[in-house]
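A structural walkthrough
Chain residues, written in single-letter form:
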There are 2 protein chains.
Amino acid sequence: MVEIGKNSVGIVKTKTIRLVEAEHPLELECGKRLAPIEVAYETYGELNETGDNAVLICHALSGNAHVAGVNSPDDKNPGWWDVMVGPGKGIDTNKYFVICSNFLGGCSGTTGPSSINPSTQKPYGLDFPIITIGDMVKIQKLLLDKLGVKKLLAVIGGSIGGMQVLQWAIEYPDFVKAALPVATTTHLGAQSIAFDAVGRNAILGDANFASGQYKSEQGPDRGLAIARMIGHITYLSEQGMREKFGRQLRGADRYSYDFNSEFAVETYLDHQGQSFVERFDANSYLYITKAADYFDLEKDYGTLSKAFANVKSRFLAVSFASDWLYTPAQSEAIVNALAANGKDVSFCNIASSYGHDAFLLETETLGSFISGFLEATHRPGVRSEKEKVKSKNQDTRYKIGDFEQARRTRVDYELIESLIEPNTTVLDIGCGDGELLANLTEDKNIKGEGIELQQDPVLACVNRGLSIIQRDVERGLENYADKSLDYVILSQTVQTLKNPEKVFTELLRVGKKVIVSFPNFAHWRCRAQLFFSGTAPVTKQLPFGWHNSPNIHFLSLKDFDEFCKKLGVKVEKKIPLAKTRFSPVRFAPNLFAEQVIYVTSK
Amino acid sequence: MVEIGKNSVGIVKTKTIRLVEAEHPLELECGKRLAPIEVAYETYGELNETGDNAVLICHALSGNAHVAGVNSPDDKNPGWWDVMVGPGKGIDTNKYFVICSNFLGGCSGTTGPSSINPSTQKPYGLDFPIITIGDMVKIQKLLLDKLGVKKLLAVIGGSIGGMQVLQWAIEYPDFVKAALPVATTTHLGAQSIAFDAVGRNAILGDANFASGQYKSEQGPDRGLAIARMIGHITYLSEQGMREKFGRQLRGADRYSYDFNSEFAVETYLDHQGQSFVERFDANSYLYITKAADYFDLEKDYGTLSKAFANVKSRFLAVSFASDWLYTPAQSEAIVNALAANGKDVSFCNIASSYGHDAFLLETETLGSFISGFLEATHRPGVRSEKEKVKSKNQDTRYKIGDFEQARRTRVDYELIESLIEPNTTVLDIGCGDGELLANLTEDKNIKGEGIELQQDPVLACVNRGLSIIQRDVERGLENYADKSLDYVILSQTVQTLKNPEKVFTELLRVGKKVIVSFPNFAHWRCRAQLFFSGTAPVTKQLPFGWHNSPNIHFLSLKDFDEFCKKLGVKVEKKIPLAKTRFSPVRFAPNLFAEQVIYVTSK
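A brief report on the enclosed structure follows.

**Here we look at the nonpolar core**
Of all hydrophobic cores here, the largest spans 268 residues; its most connected members are Trp168(A), Phe308(A), Trp168(B) and Phe308(B). Beyond its immediate chain neighbours, meaning those up to four positions away, Phe308(B) contacts Leu166(B), Ile170(B), Leu297(B), Phe315(B), Ile334(B), Ala337(B), Leu338(B), Asn341(B) and Lys343(B).

Structure below.
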């Protein structure tokens, strides 16, 4: 028996509601009509008085309305995302009113192919109309209307649930304050369609399929099991499978020399196939995978950029590094399209070996991102005050590496701040925990965005309510339109880039002004060291040995002047700095400046 | 009709031979006995008088003995590797006597589960004993004995064919001069076993399977088609599929809203499934995939290193970058184990988006590797003379990038050569086209090996008959035992490494002496430029601007001295060099040397 502790929503019951009556059928995307439609759903927590704390969870292929809690005191199987939803959890039911419904076409209480077709009084089977992600979302909207929800604080979902999240934000822009698409995509690629198609083939080709009019006691179980097995291979990563199963044999240490399942991974798949058959309907599997295959925002809207042109939600997209079903690149396509539209979007690619399943398993990391983002959206002021205190106490929740530490203490954030006009847009490259952006937002009312490579500082930025994208800037900024930002900041980073020319050119393309700061390699101490000692310089600004330095290019003010000239870049300001703050070096700056800040444009 | 041109082996016929008579059954690995055994095979070209030109090709899952040529003048389907085998092709039938046989358990003429079981006078079906890769190879050896082949010049095969290659080299070390395992592995990982298992499940669960005693006109066609579809997804890469099919619809530009195949990738898989059913036997599919699942050299020999301890062949292992079924890492495991045993092994990971199928499609690149390796093995002297002329004429067949060019012209190969004792073992890191190694081999009779990152120079080395491994040295050299080499050479490379300390330490672990050369950053011209001009130095030895230099670390003789001291490394020789060759700088070397060669040890 699962202990129903204080962090469980406790005993819950799935409710059913009729949303579409026989006399007013729903128009589906495929052109057919469907009625009646009943929907199974659960809710946890309470809708507050202002009605601004509702969170909708959209489930994935094999999920249902039962997200959290248990159905009875001795129920051994809590809801499918119980680890994430409950008092004090990632989606905190003490703060939020959480809703989840079984989607249209499902087999867990909502109308689907196993429901009774009123015109035949038999289950629909293949007479059920093809449904789409759009149809599913339309029904969810009807449910929320019935429940009196006027606006969603957030809509969250992984995998096929994430597709619904995207559809929600596009279809009902004024209804959704925040959208959290997790491990999802705007369209399936050929490989994913192929896997789905083979699974459907296995079901359709099963001798017991009976054109979809099978009896529940004699269904296309083998076909459905095959489909689920294929699915499970795609939900795990190669690495994850290798670590979990390897070539382990079920029992013996020698081969059985027959065709029984003997490798542990075979037994695992057998079990997954069998248990799925016991709880899922084969026709629903066909309809849901088809809905996923059909989902294609590019096709629907012409381009992804057009698809997201009118959304008003804040976005947090999350992918998982080892997910090869809906890949990090597919999440990045969402992020790029949103950023190209100037939308408030954050993105994190969580390190994990769990593959696609990570959205159900990496609960601690994912939970901290979700809770931070929800909180920053729900109570922006409260959180940022808290964060400010934290930041001043240096109580950052992540460890800054030696280099980061050295870099940050060197950066003269206050001076850079003084260069920025109020009410502008600012992109900070390698923004760390977002201190500069947070200060600029408060002091100068800028609209700020950050790019950062490391996961922990990205989380810190999310917690501050900043727009932050996890990305290596060396890959380029194709997500930003030309001159779409007033300022781009590249602080103490140019000397660490593999390709400074490419990056600098890209920054000048997207920013009206680019602020660059770097340590001066021609400071007299460096010169003296090389000249008199004949060694690679090690100074306070360049504190590393030749062999372990993260600085892989060395440049002086003069080098950068020539570089700008070569690239046709205008140097608007050049502020050589000595150790003391706010004291530009006026005499022989290339000799006496320890670092320098450039304001450039092109 | 395929035109039978001069580069086809022409019209060929598959022959059948009885190799095991009823009265002397073959002992199989599973413990059972099998007789009689007939084998289908083809041969092309002629065995020469010295009998040293026989090449055995081992086929993969769905292949057969019919490798090349056509069966009749109007045969539209040439053999499965016709692009690779024929006069003047990668495996040149003008030079080599080529043999291929259908493997044991197959369904194309060799005894398998569809053969008649003498004890029942019906097809074996599931009464056929489980066979292994080892059993297949044993039968191939019997065939070669019958054909009068005393020794193989080479055994070549891709995928499951590659497993047979490995088995050949291990089982018959004196019989195989060269082994070319392509896109293969020493064991399947959990993910590959999983895919095989689901495929077998689809066959075993097909209502028409009839416990394996199906009639040929009513077999488990749907199950076999499903298995083949799954297989095909794993043979292509995600990128390859995306480029080939994308989300293209078969005919229309709008969805059909039903469950017919409408995406191009679905139609492709349907076709692959259907055409496979027409030419392949479901029981054979079960037995062959099981043989692949069971193949596990680590299990058989304890470790991979022990498995290869007694091989005598030269090896060329080839993988393909996008192959996710039998991955480049799995080929590298073979290479590492061979190198750890001090065997003559070369390795190339060919850039390709074709996935596992690349071994059938990247025929030009693969063909040049195979032909070069075969030629260098068959006529080592002839080729190396040719190569020497080429090298002197600078007629290298690949383009050297600017940096490579600059690096190579700077390197004083002759001076490094003078530092190396005759009859030693030498590993050259970043060996390029192998000029230094080739010279050392000829002049000092060393046993040389190279490591190189780029594909083209790797091919040049293969053509020279050198032992060459394509690898990024920054990943480490775990494949080499401690102090297993007399010399390791790191010429003009240390300043380009991300982690010079890690690499240098690793070289000192595997080499008794490590020879390092690099440009001197403290040469007076560099010092003067930084000191007087205040710019990052650009000299003949350091010819790049600060922003586009492949040199990411800068060091002087003094820096390297201190580095060696810090690491406890003994500097045995230090040869500071000026522009003129062979003239060590005796006065103030850290000021006047443009480059330097160190001989170090630890």
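**Overview of the interface of chain B and chain A**
Contacts between the two partners involve 88 residues from chain B, matched on the other side by 88 residues from chain A. Among the residues of chain B in contact with chain A, Tyr257(B), Phe259(B) and Trp546(B) are the three that bury the most area, contributing 13% of the side total. Viewed at the interface, chain A and chain B are joined by 6 salt bridges. Among the salt bridges present, the one from Lys290(A) reaches Glu262(B), with a minimum N-O distance of 3.1 Å. For the pair chain B and chain A, the number of links is 33 residue pairs in polar contact (both at pLDDT 80 or more). Elements supplying a minimum of two residues to the side of chain B that touches chain A: α3 (190–204), α4 (221–235), α5 (238–244), α6 (264–279), α7 (282–294), α18 (500–510), α19 (524–533) and α20 (557–567) of chain B. Ranked by residues supplied to the side of chain B that touches chain A, first place goes to α3(B) with 11 residues. Broken down by class, the residue content of the side of chain B that touches chain A amounts to 48 nonpolar, 18 polar and 22 charged.

**Topic: the pairing of strand β4 (residues 37–44) of chain A**
Residues and elements named next belong to chain A. For β4, the buried fraction is high: 6 of the 8 residues fall into the buried class. Where strand β1 (residues 15–20) and β4 come together, 5 bridges link them in antiparallel fashion. Among the inter-strand pairings, Arg 18 is bridged to a residue of β4, identified as Glu 38.

**Focus on the relation of the copies chain B and chain A**
For the pair chain B and chain A, the relating rotation is 180°, the translation along its axis is 0.0 Å, and the fit reaches an RMSD of 0.1 Å. Such a combination of turn and shift is consistent with a two-fold rotation axis. Closest approach to the rotation axis among the C-alpha atoms of chain B is made by Ile552(B), whose C-alpha sits 2.2 Å away. Of the interface residues in chain B, 100% have counterparts in chain A that sit at the interface too, so the contact is made through matching surfaces.

**A look at the side chain of Arg464(B)**
Structurally, Arg464(B) can be placed in the loop between α17 (455–463) and β17 (467–470). Looking at Arg464(B), its side chain comes within polar contact range of the main-chain oxygen of Asp433(B), at 2.6 Å.

**Considerations on the pattern of salt bridges**
All names here are of chain A. For the coordinates displayed, the defined rule picks out 48 salt bridges over all chains. Residues Arg 18 and Glu 21 are paired through a salt bridge, measuring 3.9 Å at the closest nitrogen-oxygen approach. For Glu 21, a relative accessible area of 35% corresponds to the partly exposed category. The network of salt bridges with common partners includes Arg 18, Glu 21 and Glu 38.

Cut-offs used in this document
- In every chain, residue numbers begin from 1 and rise along the written sequence.
- Lettering for chains starts from A, numbering for ligands starts from 1, and both go in the order in which the items are written.
- Local features in this predicted model are restricted to residues of pLDDT 70 or higher, and side-chain atom pairs are both shown and tallied only at a pLDDT of 80 or more, whereas totals for entire chains, interfaces and linings draw on every residue.
- Side-chain metrics in this entry use all non-hydrogen atoms of the structure; hydrogen atoms and water are not considered.
- What is meant by a nonpolar core is a set of buried Ala, Val, Leu, Ile, Met, Phe, Trp, Tyr and Cys residues, joined one to another through side-chain atoms within 4.5 Å.
- Three labels apply to residues, based on accessible area from a 1.4 Å probe with only protein chains included: buried if under 20% of the type maximum, exposed if over 50%, partly exposed otherwise in between.
- A contact between two residues is defined here by any heavy atoms of the two lying within 4.5 Å.
- By definition, the buried area sums, over both parts, the 1.4 Å-probe accessible area that each loses when the two are put together.
- Criterion for a salt bridge: a side-chain nitrogen of Lys or Arg within 4 Å of a carboxyl oxygen of Asp or Glu.
- What qualifies as a polar contact is a pair of N or O atoms within 3.5 Å, subject to a donor-acceptor requirement within protein and to the restriction that residues adjacent in sequence count only when both atoms come from side chains.
- Elements are defined by DSSP. Helices are runs of H or I of four residues or more, strands are runs of E of two residues or more, and each kind is numbered from the N terminus.
- Ten residues, namely Ala, Val, Leu, Ile, Met, Phe, Trp, Tyr, Cys and Pro, are considered nonpolar, four, namely Asp, Glu, Lys and Arg, are considered charged, and the remaining ones, Gly among them, are considered polar.
- Any two strands between which DSSP finds at least two bridges are classified as paired.
- Each copy is superposed on the other by least squares, with the fit set by C-alpha atoms of residues at a pLDDT of at least 70 in both.

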